[in-house]
Amino acid sequence: MSRADRARVGAYGAAVCASAYGSMKLAQALGANALADKDPLPPHLREQLLARDPLFVASHWLLAGAALVGVIVALATVRPWGARVPRRLLLTIVWTLGTFMIVRSIGVLGFGFVGDTLLLTGVRPAPVEHAALAHTLARWDLLLWSPFFLLWGLCWATAGWRLHRRGSPAGSGGKAIKREPRRLTDTAK
């Protein structure tokens, strides 16, 4: 698979991941559980989420809308109509999203592969009153959410790489082709 094809797959992958995430958030906004009970939140926020607190319902609507925008941004990196969007703006959005999602999946903020592994191995203690719940949510995060955000972030990064190289002609392997100006003597031959 060529580098351009991998980048195209990354952009479409980011769009698919955004669609899946947005669909889940839309379902939650409309009242479905849709993995809401597997969301790695602190217990008091988790209770508000499951009780359908108006702030959480509103946040689900916002996240579903943001996911729709994410689909459009991902497609803008590979579709011809995306050339009308300022390239620097697209680059900033794509690289920011990719970086954020990869960092979230790694877990420097507490969730993610590192944070979940530390909790499940006992290096970082779970809250005593919610230890069983913390271990269950860490397992879900380790097996579902962290890999999903890593995949999504890598797709964004790949799309960003393509966007960075977009100025070069297709089929040139990412290298710009330098063309010599035509001379009048060349046309006479």
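Residues numbered from 1 in each chain as written. Predicted model: local features only at pLDDT ≥ 70, side-chain atom pairs only at ≥ 80, totals over all residues. Heavy atoms only, no water.

A. Seen up close, the environment of Gly 70. Looking at where Gly 70 falls in the secondary structure, it is placed in helix H3 (residues 54-76). As a C-alpha pair, Gly 70 and Val 94 span 24 residues in sequence and 9.0 Å in three-dimensional space. Contact partners of Gly 70, with chain neighbours within four places excluded, come to Ala 18 and Trp 156. (Helix = DSSP H or I, 4+ residues; strand = E, 2+ residues; numbered from the N terminus. Contact = heavy atoms within 4.5 Å.)

B. Seen up close, the nonpolar core. The biggest cluster of nonpolar side chains holds 24 residues, and the ones touching the most others in it are Ala 14, Tyr 21, Phe 148, Phe 149, Trp 152 and Trp 156. With eight residues, helix H6 (residues 131-164) is the largest single contributor of residues to this core. (Core = buried A, V, L, I, M, F, W, Y, C linked by side-chain atoms within 4.5 Å. Buried < 20%, exposed > 50% of the residue type's maximum accessible area, 1.4 Å probe, protein only.)

C. View of the confidence of the model for the protein chain. Predicted confidence across the protein chain gives a mean pLDDT of 85, with 86% of residues reaching 70 or more. For the protein chain, helix H7 (residues 184-188) is the element with the lowest average pLDDT, namely 54, and H3 is the one with the highest, namely 95. Here residues 168-179 is modelled with pLDDT under 50, and outside its nearest four sequence neighbours on either side it reaches 10 contacts, counting other chains as well. (pLDDT = per-residue confidence, 0-100.)

D. Looking closely at the side chain of Arg 46. Structurally, the position occupied by Arg 46 is in helix H2 (residues 43-50). For the buried Arg 46, no salt bridge is present, and the opposite-charge side chain at shortest range is Asp 37, 5.0 Å distant. The residues touching Arg 46, leaving out its near neighbours within four places in the chain, are Asp 37, Leu 41, Leu 133 and Leu 137. (Lys, Arg positive; Asp, Glu negative; His and termini not counted. Salt bridge = Lys/Arg side-chain N within 4 Å of Asp/Glu carboxyl O.)

E. Inspection of the packing of aromatic side chains at higher detail. The final tally for this structure, using the stated rule, is five aromatic pairs. Ring plane angle 65° and centroid distance 6.0 Å describe the contact between Tyr 21 and Phe 149, whose orientation is recorded as edge-to-face. Of this pair, Tyr 21 sits in helix H1 (residues 3-29) while Phe 149 sits in helix H6, and the two are 128 residues apart along the sequence. In this structure Tyr 21 comes out as buried when scored by relative accessible area, which is 15%. With 6.0 Å between their ring centres and 25° between their planes, Phe 149 and Trp 152 make a pair best called stacked. (Phe/Tyr/Trp six-rings, centres within 6.5 Å; stacked < 30°, edge-to-face > 60°.)

F. Local environment of the side chain of His 60. Inspection of the secondary structure puts His 60 in helix H3. What His 60 contacts, discounting residues up to four positions off in sequence, is Lys 25, Gln 28, Ala 29 and Leu 49.

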